Amino acid sequence: MNPFSSGTRLRDMIRAIRACKTAAEERGVVRKECAAIRASISENDPDYRHRNLAKLMFIHMLGYPTHFGQMECLKLIASPGFPEKRIGYLGLMLLLDERQEVLMLVTNSIKQDLNHTNQYIVGLALCALGNICSAEMARDLAPEVERLLQFRDPNIRKKAALCSIRIIKKVPDLAENFVNPVAALLKEKHHGVLITGVQLCADLCKVSTEALEYFRKKCTDGLVKVLKDVANSPYAPEYDISGISDPFLHIRLLKVLRVLGQGDADASDSMNDILAQVATKTESNKNAGNAILYECVETIMNIEDNGGLRVLAINILGRFLSNRDNNIRYVALNMLMRAIAVDSKAVQRHRATILECVKDSDPSIRKRALDLVYLLVNETNVKPLTKELTEHLEVSDPEFKGDLTAKICSIVEKFSPEKIWYIDQMLKVLSEAGNYVKDEVWHALIVVITNASDLHGYAVRSLYRAVQKARDQETLFRVAVWCIGEYGEMLVNNFGRLDMEEPATVTELDAVDVLETSIKIHSCDLTSQAMCLIALLKLSSRFPSCSQRINNIIGQYKGSFVLELQQRAIEFNSIIERHQNMRSSLAERMPVLDEATFSGRRAGSVPAAVSTSQGVSVNLPNGSAKLSTAHVADLLDLSLDDAPAPSSSGGEFLQDLLGVNLMPVSLQPDANQAQKSGSDVLLDLLSIGTPPAQSSPSTPQVLSSNTDNRSPLDILDRLSTPSAPSAQVSSTGGNSSMLDLLNGLPSSPPTSEGNGPAHSSVTAFESSSLRLTFNISKQPGNPQMTLIDGSFTNKSRDVFTNFIFQAAVPKFLQLQLDPASGNTLPANGNGSITQKLRITNSQHGKKALVMRIRISYKVNNKDVLEEGQVSNFPRDL
Amino acid sequence: MIHFVLLISRQGKVRLTKWYSPYTQKERTKVIRELSGMILTRGPKLCNFVEWRGYKVVYKRYASLYFCMCIDQEDNELEVLEIIHHFVEILDRYFGSVCELDLIFNFHKAYYILDELVIAGELQESSKKTVARLIAAQDSLVEAAKEEASSLSNIIAQATK
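- By the naming in an unreviewed UniProt entry, chain B goes by AP complex subunit sigma and is assigned to Solanum commersonii.
- Among the UniProt annotations of chain B, the heading Function (unreviewed entry) holds the following wording: "Subunit of clathrin-associated adaptor protein complex 1 that plays a role in protein sorting at the trans-Golgi network and early endosomes (TGN/EE). The AP complexes mediate the recruitment of clathrin to membranes and the recognition of sorting signals within the cytosolic tails of transmembrane cargo molecules."
- What UniProt states about chain B under its Subunit (unreviewed entry) heading is, verbatim, "Adaptor protein complex 1 (AP-1) is a heterotetramer composed of two large adaptins (gamma-type subunit and beta-type subunit), a medium adaptin (mu-type subunit) and a small adaptin (sigma-type subunit)."

- Looking at an unreviewed UniProt entry, chain A carries the name AP-1 complex subunit gamma, with the source organism given as Solanum pinnatisectum.
- The Sequence similarities (unreviewed entry) field of the UniProt record for chain A holds the comment "Belongs to the adaptor complexes large subunit family."
- UniProt annotates chain A under Function (unreviewed entry) with the comment "Subunit of clathrin-associated adaptor protein complex 1 that plays a role in protein sorting at the trans-Golgi network and early endosomes (TGN/EE). The AP complexes mediate both the recruitment of clathrin to membranes and the recognition of sorting signals within the cytosolic tails of transmembrane cargo molecules."

Right under this line is the structure:
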């Protein structure tokens with residue numbers, strides 16, 4: 001068998017693979033081939049090595065694993081003949097990269113081949129070294145490569161030069177060794193050597209300032225002369241590309257001159273003439289010529305100033321920009337972006353053309369043009385430019401809208417000359433592409449609107465009109481809802497109407513209609529719905545005549561499956577129905593949001609998801625509630641902070657009821673005080689601020705309407721968390737809703753109604769960051785059943801998200817796990833997650849409870865898993 | 001600097017890949033998938049450049065094959081188009097009006113030519129003639145070794161007859 005006739009069999013394999021009709025079939029063929037190759041490798045048969053590797057390379061290209069062939073490459077490289085080495089090196093470059101340790105084994109073979117008498121073998125070794133060498137290999141083999149820079153054959157010299165580029169990029173310390181040999185290369189006539197030598201020179205200048213100084217002093221004139229010779233050389237068929245002699249050499253020379261001229265007036269001066277010549281004489285009807293002009297412009301822009309040349313360069317770019325070839329226009333935009341730092345006036349002259357490019361059908365060009373327009377905007381041209389861009393927003397491709405919207409918003413925020421213009425522009429963007437707008441942008445718009453007190457009416461009326469037309473834009477809708485809630489009366493009475501504004505007649509009913517229809521739209525998301533509810537609450541106080549209707553709308557959400565909406569609906573409902581006296585102060589307008597705080601926070605890395613509420617915490621009028629935790633950072637909290645500080649303890653509870661975690665912990669003793677004085681906490685809670693006599697009948701009513709939902713439980717659970725878990729929890733018979741309420745309220749007085757024994761609470765699990773407390777109680781009349789209220793507290797400084805608690809019990813126990821109250825656990829023990837467990841012990845009295853638990857959550861985006869066993873249950877469960 | 005060279009057929013099949021910057025096998029597959037999705041879908045009249053992960057990919061279509069090269073932001077895109085064309089012309093001269101099938105069955109030859117053209121992501125030779133001459137010289141070395149081996153095996157065969 002001829003060892004080199006592998007071609008036929010390789011062909012057969014390729015044919016077989018190409019004949020496969022399905023991916024599975026292809027996998028089958030490849031699997032079979034790989035098996036055969038492995039077998040052949042393990043036989044260590046040198047005759048087939050060559051062919052095996054060729055096959056493996058093809059298989060590798062198809063994306064299959066071929067690591068088992070790596071050692072074969074090394075064997076082929078180590079064999080003496082040229083054909084084996086040729087395919088061995090090819091395989092090495094294809095199957096391995098610099099990060100594989102196997103590569104180190106080849107260092108010695110490469111070293112021998114670099115000293116081989118056959119120049120083609122030297123060439124193979126240089127090529128492999130240049131393409132995949134690691135820093136270690138570079139260090140080991142640098143002397144060989146350096147020597148080869150003076151090899152007799154120019155084809156080896158050019159390979160050695162490119163190999164040196166890789167070496168100095170991997171190990172910049174080695175740069176100085178190459179400076180002298182490179183200076184010699186720059187004087188050569190062979191184009192291949194010149195091209196590679198010039199490239200190496202440019203790279204040396206980048207890694208070493210000494211090299212830069214040296215070449216600048218010794219070689220600038222020489223390189224200028226080489227460029228002159230190339231530019232003026234007569235027709236040479238070998239290097240000619242569309243009438244230009246060796247554009248590749250041209251471009252590399254221009255590149256290195258740029259490096260040498262940058263920051264040095266003398267060097268720049270010495271190259272002015274040739275640059276002017278190249279810029280004026282180069283033919284620009286073919287790509288090769290344009291490539292040279294492009295490089296030349298860049299060099300002119302980067303070397304030290306010469307007014308005349310720069311005008312020339314900008315003119316070339318202007319010509320490029322009006323070219324019909326998309327490639328040329330693309331590079332023109334690209335270069336103008338760099339030219340803007342040098343001469344922004346000259347670039348401004350091309351503004352109209354650039355704006356046209358934003359509307360191009362080619363996404364690459366559009367993106368470049370948009371980036372450029374963004375840089376061109378200043379105070380004087382912001383209005384026309386923004387107008388153009390927003391008009392284009394209407395017709396642009398959906399995939400471009402995101403970019404375009406972000407840029408317009410950024411321009412408007414940065415350069416807006418007046419607030420009304422800002423509001424107008426943002427409204428246009430929101431109506432056109434509101435779904436592409438980031439949260440912080442519409443938050444900023446709200447901040448601006450609150451600060452423009454003379455424009456409140458204008459803003460709310462414009463938003464009202466806009467939202468009628470573009471209902472599907474979520475962010476527009478949110479801003480509109482917020483403003484209607486805040487400034488609803490201005491919508492109706494045309495307060496502060498501006499001269500240019502069209503008179504509009506909006507009735508109170510219209511305003512409520514907008515909210516009512518919107519909240520019911522299926523696409524309306526949770527945040528928007530929640531905002532609608534707040535706006536409705538506010539309107540109920542602004543428009544007393546609509547109060548009943550609003551109450552009905554809100555009432556529909558009392559049965560919502562979404563906890564957030566249900567809770568809000570129930571709370572607002574009770575405010576509207578029972579607390580007329582404080583509703584107006586609760587629904588008062590928000591204080592002006594502080595722009596400085598908001599923009600400062602945006603500049604910092606605070607996640608944008610937290611809404612504007614944090615920004616306002618500084619200038620709260622009453623200062624009673626410090627928003628340090630901002631657990632429920634929504635607008636509801638803000639509206640509550642707005643309310644005058646309540647003085648009665650009932651009022652405090654109201655705040656707790658609505659803003660749950662806003663209350664400082666210090667209020668807890670008060671609550672306990674109230675309890676000790678004998679008043680019923682529960683009644684107090686539910687009969688917010690009304691005389692006890694009236695509250696009694698209302699309590700059962702509230703309770704009965706809530707028996708099938710967990711909302712009150714939740715409120716109480718969360719209320720209870722800041723205080724330490726108390727030792728005794730009573731259980732009351734029958735009504736499970738009542739039971740839940742009391743369980744969730746650890747500060748309630750210990751009662752002994754005799755309905756079954758009371759049990760203590762147990763710290764079931766405690767780690768450095770997390771504590772789990774079980775409050776244990778028994779179901780009366782069912783000794784086997786144990787009720788456990790698990791409460792999780794986060795002791796660390798980071799919020800836990802995606803919190804999941806799992807538990808497992810032995811066979812004699814039956815475990816029922818209710819859904820948890822949430823999956824986010826605030827930091828520093830500021831709140832907790834509660835979860836109810838029900839355990840039935842079939843061996844009651846014989847065996848004690850035992851449980852394995854597993855808790856998983858995310859903290860700082862890292863998954864954490866904690867596990868443990870709970871065996872410290874009281875014995876008689 | 002050229003970070004990698006890809007040849008992708010219109011159907012998205014890979015015909016040649018050469019990586020001058022380190023990418024793991026996983027990354028390579030991902031890169032190829034991403035880029036073929038971006039490039040193959042572009043219309044014929046659009047410019048030959050796409051921006052991708054802070055780099056630029058210059059591509060040009062020849063018959064059923066897309067030649068793609070990934071370069072740095074500050075590199076000269078127009079020149080890379082010339083390099084691609086240079087490569088294609090050399091392939092064309094070597095195979096005699098090259099087609100996709102030539103590159104499939106002689107993929108290693110295509111690699112040898114690329115290695116004479118680009119090393120370490122930089123252009124090595126601007127003369128098509130020189131590249132052709134070097135490849136021919138190395139091919140004849142291989143042929144010579146083949147003949148020598150076959151004559152050797154003939155001698156052995158005759159001696160052991």
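Here the narrative resumes, following the displayed structure.
**Points about the overall build of chain A**
For step 1, the next point in the chain: The number of helices and strands found in chain A is 40 helices and 10 strands.
For step 2, the next point in the chain: The proportion of buried residues among the 877 residues of chain A is 44%.
For step 3, the next point in the chain: Taking the intrachain contacts of chain A between residues at least 6 apart in sequence as the baseline, contacts between residues at least 24 apart amount to 63%.

**Quick look at the sheet that holds strand E2 (residues 14-19) of chain B**
Where strands meet in a sheet, backbone hydrogen bonds hold them as pairs that are either parallel or antiparallel.
Residue and element names in this part refer to chain B.
For step 1, the next point in the chain: If you walk across this open sheet you meet the 5 strands as E2-E1-E5-E4-E3, and the pairing is antiparallel. The open sheet is flanked by E2 and strand E3 (49-52), the only strands paired with a single partner. Averaged over all neighbouring strand pairs, the angle between strand axes comes to 20 degrees, with direction disregarded.
For step 2, the next point in the chain: Sheet topology places E3 next to strand E4 (residues 55-62); 4 bridges connect them, and they run antiparallel. If you follow Trp52 over to E4, its bridge partner there is Tyr55.
For step 3, the next point in the chain: Its contacts with the sheet put helix H2 (residues 77-95) on E3, E4 and strand E5 (65-71), and the angle it makes with E4 is roughly 40 degrees.

**Structural notes on the interface of chain A and chain B**
For step 1, the next point in the chain: Every contact between the two is made by 57 residues of chain A and, on the other side, 45 residues of chain B.
For step 2, the next point in the chain: The element contributing the most residues to the side of chain A that touches chain B is helix H9 (residues 154-170) of chain A, with 7 residues.
For step 3, the next point in the chain: Here the side of chain A that touches chain B is composed, by residue class, of 29 nonpolar, 15 polar and 13 charged.

**Here we look at the sheet that holds strand E10 (residues 862-870) of chain A**
Residue and element names in this part refer to chain A.
For step 1, the next point in the chain: Across the sheet, which stays open at both edges, the 3 strands sit in the order E6-E9-E10 with antiparallel pairing between neighbours. Every interior strand has two partners, whereas the edge strands, strand E6 (800-808) and E10, have only one. Within the sheet, the average angular offset between the axes of one strand and its neighbour, ignoring direction, is 15 degrees.
For step 2, the next point in the chain: Summarising the sheet, strand E9 (residues 851-859) and E10 pair through 9 bridges and their orientation is antiparallel. Residue Ile853 lies in a different strand from E10, and its bridge partner there is Gly868.

**Regarding the environment of Glu283(A)**
Residue and element names in this part refer to chain A.
For step 1, the next point in the chain: Mapped onto the fold, Glu283 is located in the loop between helix H14 (265-281) and helix H15 (287-302).
For step 2, the next point in the chain: According to the C-beta neighbour criterion, Glu283 is partly exposed, with 13 such atoms within 10 Å.
For step 3, the next point in the chain: Sequence separation between Glu283 and Ile244 is 39 residues, and the spatial gap between their C-alpha atoms is 8.1 Å.
For step 4, the next point in the chain: Ignoring sequence-local partners within four residues, the contact set of Glu283 consists of Gly243, Ile244 and Gly289.

**What to know about the packing of helix H25 (residues 456-469) of chain A against helix H26 (residues 474-493) of chain A**
Each pair of packed helices can be summarised by the angle the axes make with each other and by the distance between the axes.
Residues and elements named next belong to chain A.
For step 1, the next point in the chain: Put simply, H25 and H26 touch, their axes get as near as 8 Å, and they point 130 degrees apart. As judged from the angle between their axes, H25 and H26 are oblique. In this structure, H25 crosses over H26, and the sense of that crossing is left-handed. Residues His456, Gly457, Ala459, Val460, Arg461, Leu463, Tyr464, Ala466 and Val467 of H25 lie in contact with H26, whose contacting residues are Leu476, Phe477, Val479, Ala480, Cys483, Ile484, Tyr487, Met490 and Leu491.
For step 2, the next point in the chain: Here the contact of H25 with H26 is composed, by residue class, of 15 nonpolar, 2 polar and 1 charged.

**Here we look at the confidence of the model for chain A**
For step 1, the next point in the chain: Mean pLDDT over chain A: 76, with 80% of residues reaching 70 or higher.
For step 2, the next point in the chain: Confidence drops under a pLDDT of 50 for residues 1-7 of chain A, and excluding neighbours within four residues, the segment shows 15 contacts in the predicted structure.

**Describing helix H22 (residues 398-415) of chain A**
Residue and element names in this part refer to chain A.
For step 1, the next point in the chain: With 18 residues, H22 should cover 26 Å at 1.5 Å per step; its first-to-last C-alpha distance of 26 Å lies within 8% of that length.
For step 2, the next point in the chain: For H22, every residue scored as buried is listed here: Leu404, Thr405, Ile408, Cys409 and Val412.
For step 3, the next point in the chain: Against helix H20 (363-376), helix H21 (382-395), helix H23 (419-433) and helix H24 (439-451) lie the buried residues of H22.

**Notes on the confidence of the model for chain B**
For step 1, the next point in the chain: Across chain B, pLDDT averages 91, with 100% of residues at or above 70.
For step 2, the next point in the chain: Both scores are given for the predicted complex: the pTM is 0.66, the ipTM 0.94.

Calculation criteria
Residues numbered from 1 in each chain as written. Chains lettered and ligands numbered in written order. Predicted model: local features only at pLDDT ≥ 70, side-chain atom pairs only at ≥ 80, totals over all residues. UniProt positions renumbered as here; feature names shortened; annotations may be inferred. Helix = DSSP H or I, 4+ residues; strand = E, 2+ residues; numbered from the N terminus. Buried ≥ 20, exposed ≤ 12 C-beta atoms within 10 Å, placed from the backbone. Contact = placed C-beta atoms within 7 Å. Pairing = 2+ DSSP bridges. Axes fitted to C-alpha atoms, helices over the stretch in contact; angles between N-to-C directions. Nonpolar A, V, L, I, M, F, W, Y, C, P; charged D, E, K, R; others polar. Parallel < 35°, antiparallel > 145°, perpendicular 65-115°, else oblique. Left-handed = near helix turned anticlockwise from the far one by under 90°. pLDDT = per-residue confidence, 0-100. Expected span 1.5 Å × (residues − 1).

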